[in-house]
Amino acid sequence: MNVLDVTGLTVKSADGRALVSDVSFTIHSGARLGLIGESGSGKSLTALAIMGLAPAGMTVSGSVVLDAPGLVRTEVVGAAERHLNGLRGRAATVVFQEPLTALDPLMKIGSQLAEPLRRVRGLRGAALRTAVIAALEEVRLADPGRIAKAYPHEVSGGQRQRVAIAMALACEPALLIADEPTTALDVTVQAEVLALLDGLVSARGMALLFISHDLAVVAGVTDDVLVLKDGVAVESGNVLDIVNAPRHPYTRELVGSARQLDGALDWSPR
Amino acid sequence: MTSAILEARGAGFAYRRAAPVLADVSIEVTPGRGVALVGESGAGKTTLLRLLLGLMRPTSGRILFDGAELSPRDRVQMRAFRRSVQTVFQDPYSSLDPRQRVGRIVAEPLRSLGLPAPASRRMDVAEMVAEALRAVGLPPDAAHRYPHEFSGGQRQRVAIARAIVCEPRVLLADEPVSALDVSTRVRIVDLLAELRETRGLTVVMVSHDLAVVATLCQHTAVLERGRIVEQGDTAAVLGSPRHPYTRRLIDSVPRLPPRASQARS
């Protein structure tokens with residue numbers, strides 16, 4: 001079964017420029033796909049279009065079908081906002097790049113995390129408080145009691161991203177979209193958060209759409225990738241095949257650059 | 001042994017009534033030997049760079065320029081210092097004045113340093129600007145355009161042109177490529193390597209990107225919580241790290257899968 005079926009997705013700006021052109025891909029339930037491209041390639045816009053969240057003024061055409069177990073199979077493009085709200089979180093949800101802007105700065109972390117738990121699982125009172133702590137423990141935050149009482153600015157970037165992941169998981173989504181989830185983090189924290197994400201996605205059997213500009217990061221998380229350039233899918237396939245034998249000139253350039261930097265880290269005697 | 005152009009000797013910095021953000025840091029910048037300051041956010045990399053730039057004064061220890069203590073009140077010394085030591089910042093979108101044409105932006109260090117001196121006028125300002133733009137691979141007509149007309153990578157080239165226009169000996173760069181896409185990043189790294197060769201520029205760089213550091217700098221200092229935990233030849237520090245923190249840093253870098261040929265062997 002395909003959790004996500006994207007066919008001929010096109011997003012045009014208000015002045016008619018195509019920002020995403022005729023992109024198609026599918027994700028099976030429990031499968032993983034990497035979406036790779038540089039700034040302006042349309043990666044994030046694709047993610048927003050899947051959630052039915054393309055910015056005002058943009059026109060979306062083509063088809064995005066979300067089909068999560070226990071929910072009605074839904075065509076997202078052109079669907080009513082009211083209808084989409086029932087899907088967001090449960091069918092698919094997003095972890096964004098910058099957790100400082102993704103979290104409400106005026107609300108304690110515990111209260112923010114309680115919202116999806118209340119909405120999706122219908123928990124109240126003591127049961128809700130227990131669930132909040134459990135959710136924070138699941139993303140391996142030490143001292144969840146303190147974190148729940150803190151405001152987003154009072155915890156570190158890595159901790160904030162763990163909270164954002166906990167919020168995304170609280171809805172028990174069939175598809176998790178991670179949009180550059182570790183780009184804003186330090187490299188050691190990035191390694192920890194990637195390992196956490198990897199473990200949680202496997203444990204829950206979620207499907208994952210992982211968006212990044214970093215080929216090395218994507219290669220560590222997903223088996224298949226789709227390469228976007230200027231809104232066009234130029235190449236797709238197994239990540240090892242693409243890294244070893246890129247076919248499209250753009251992919252070759254991308255892999256070449258990544259190789260050049262990666263090669264500088266080979267310490268074996270030169 | 002060549003003497004250091006810039007040196008931090010037991011330098012530390014603390015904000016008032018707070019724990020020090022930098023403690024007892026000693027590091028030398030000698031001609032032709034690029035230095036990388038590596039560490040995570042909050043490790044004190046940028047604070048150290050600011051001390052070396054004379055933008056902040058250490059609260060303990062000293063910063064030496066050509067062997068003499070750097071003192072921001074000594075105008076003669078500061079002129080020589082600004083002539084010798086220039087900087088490039090991380091974000092090419094915020095470090096260029098949007099209301100000035102690129103030619104004027106690049107000429108700014110010349111204006112503030114009163115260069116070229118009227119007596120020895122080999123080149124005029126416009127020629128020096130054109131020369132700097134050529135050195136960073138921008139077309140001559142770039143001088144007449146505004147920053148917003150350029151991409152991020154080109155803007156970083158403008159920032160580099162501004163830094164090298166007065167022919168400094170040392171370039172201090174704070175995460176010069178971390179805001180750029182990977183292919184652009186490689187091009188800017190190549191440009192910095194080229195300038196190092198052609199202009200004898202010594203690059204001091206703050207970065208969390210070990211691959212960039214390994215490409216550009218011969219000397220690496222690893223900072224953790226305001227202290228240098230390890231420093232030495234880049235190949236030695238990153239190749240056979242002694243400190244556990246350095247090891248953790250290196251192990252955390254995401255790597256590409258090995259080439260198919262290597263995987264089979």
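Below or above, wherever it landed, is the structure these notes cover. Small disclaimer: the values here were computed from a predicted structure and weren't measured.

1. Some thoughts on the side chain of Ser257 of chain A
Within the element layout of this structure, Ser257 of chain A appears in helix 11 (residues 249–263). Apart from residues no more than four positions distant in its own chain, Ser257 of chain A is found in contact with Val182, Ser183 and Val186 of chain B.

2. Observations concerning the environment of Ile165 of chain A
Residue and element names in this part refer to chain A. Within the secondary structure, Ile165 sits in helix 7 (residues 157–170). For Ile165, a relative accessible area of 0% gives the class buried. Sequence separation of Ile165 and Pro181 is 16 residues, and the distance between their C-alpha atoms is 9.0 Å. What Ile165 contacts, discounting residues up to four positions off in sequence, is Val95, Val139, Val193, Leu196, Leu197 and Leu200.

3. A word on the sheet that holds strand 7 (residues 175–179) of chain A
All names here are of chain A. On the basis of which strands lie adjacent, the open sheet formed by six strands has the order 6-7-8-3-9-10 and mixed pairing. The open sheet is flanked by strand 6 (92–95) and strand 10 (232–238), the only strands paired with a single partner. When strand polarity is set aside, the average angle formed by the axes of neighbouring strands in this sheet is 20°. Note that strand 9 (residues 224–229) and strand 10 share six bridges and pair antiparallel.

4. Regarding the packing of aromatic side chains
Residue and element names in this part refer to chain B. Counting across every chain of the model gives two aromatic pairs over all chains. With centroids separated by 5.0 Å and ring planes inclined at 85°, the aromatic side chains of Phe13 and Tyr15 adopt a geometry described as edge-to-face. Taking relative accessible area as the criterion, Phe13 reaches 9% and is therefore assigned buried. On the basis of relative accessibility, which here comes to 44%, the residue Tyr15 falls in the partly exposed class. Ring centres 5.0 Å apart and planes at 85° place the aromatic pair Phe65 and Phe81 in the edge-to-face group. Of this pair, Phe65 sits in strand 4 (residues 60–65) while Phe81 sits in helix 2 (residues 75–84); the two residues are 16 residues apart in sequence, bridging distant segments of the chain.

5. Points about the side chain of Ser13 of chain A
Residue and element names in this part refer to chain A. Tracing the chain through its elements places Ser13 in the loop between strand 1 (2–12) and strand 2 (18–28). For Ser13, the side chain forms a polar contact with the side chain of Asp15, separated by 2.4 Å. Contact partners of Ser13, with chain neighbours within four places excluded, come to Leu19, Gly57 and Met58.

6. Some details on the packing of helix 8 (residues 187–204) of chain A against helix 9 (residues 244–252) of chain B
Their axes nearest at 8 Å, the elements helix 8 of chain A and helix 9 of chain B cross at an angle of 55°. If you check the angle between helix 8 of chain A and helix 9 of chain B, you find them oblique. Crossing hand, helix 8 of chain A versus helix 9 of chain B: left-handed. From helix 8 of chain A, Val187, Thr188, Ala191 and Glu192 of chain A reach across to helix 9 of chain B, where they touch Arg248, Leu249 and Ser252 of chain B. When the residues that make up the contact of helix 8 of chain A with helix 9 of chain B are grouped by side-chain class, the tally is three nonpolar, two polar and two charged.

Reading the values: the criteria
- Residues numbered from 1 in each chain as written.
- Chains lettered and ligands numbered in written order.
- Predicted model: local features only at pLDDT ≥ 70, side-chain atom pairs only at ≥ 80, totals over all residues.
- Heavy atoms only, no water.
- Helix = DSSP H or I, 4+ residues; strand = E, 2+ residues; numbered from the N terminus.
- Contact = heavy atoms within 4.5 Å.
- Buried < 20%, exposed > 50% of the residue type's maximum accessible area, 1.4 Å probe, protein only.
- Pairing = 2+ DSSP bridges.
- Axes fitted to C-alpha atoms, helices over the stretch in contact; angles between N-to-C directions.
- Phe/Tyr/Trp six-rings, centres within 6.5 Å; stacked < 30°, edge-to-face > 60°.
- Polar contact = N/O pair within 3.5 Å; in protein donor to acceptor, adjacent residues only side chain to side chain.
- Parallel < 35°, antiparallel > 145°, perpendicular 65-115°, else oblique.
- Left-handed = near helix turned anticlockwise from the far one by under 90°.
- Nonpolar A, V, L, I, M, F, W, Y, C, P; charged D, E, K, R; others polar.

Function cannot be read off these values alone, since they describe shape.
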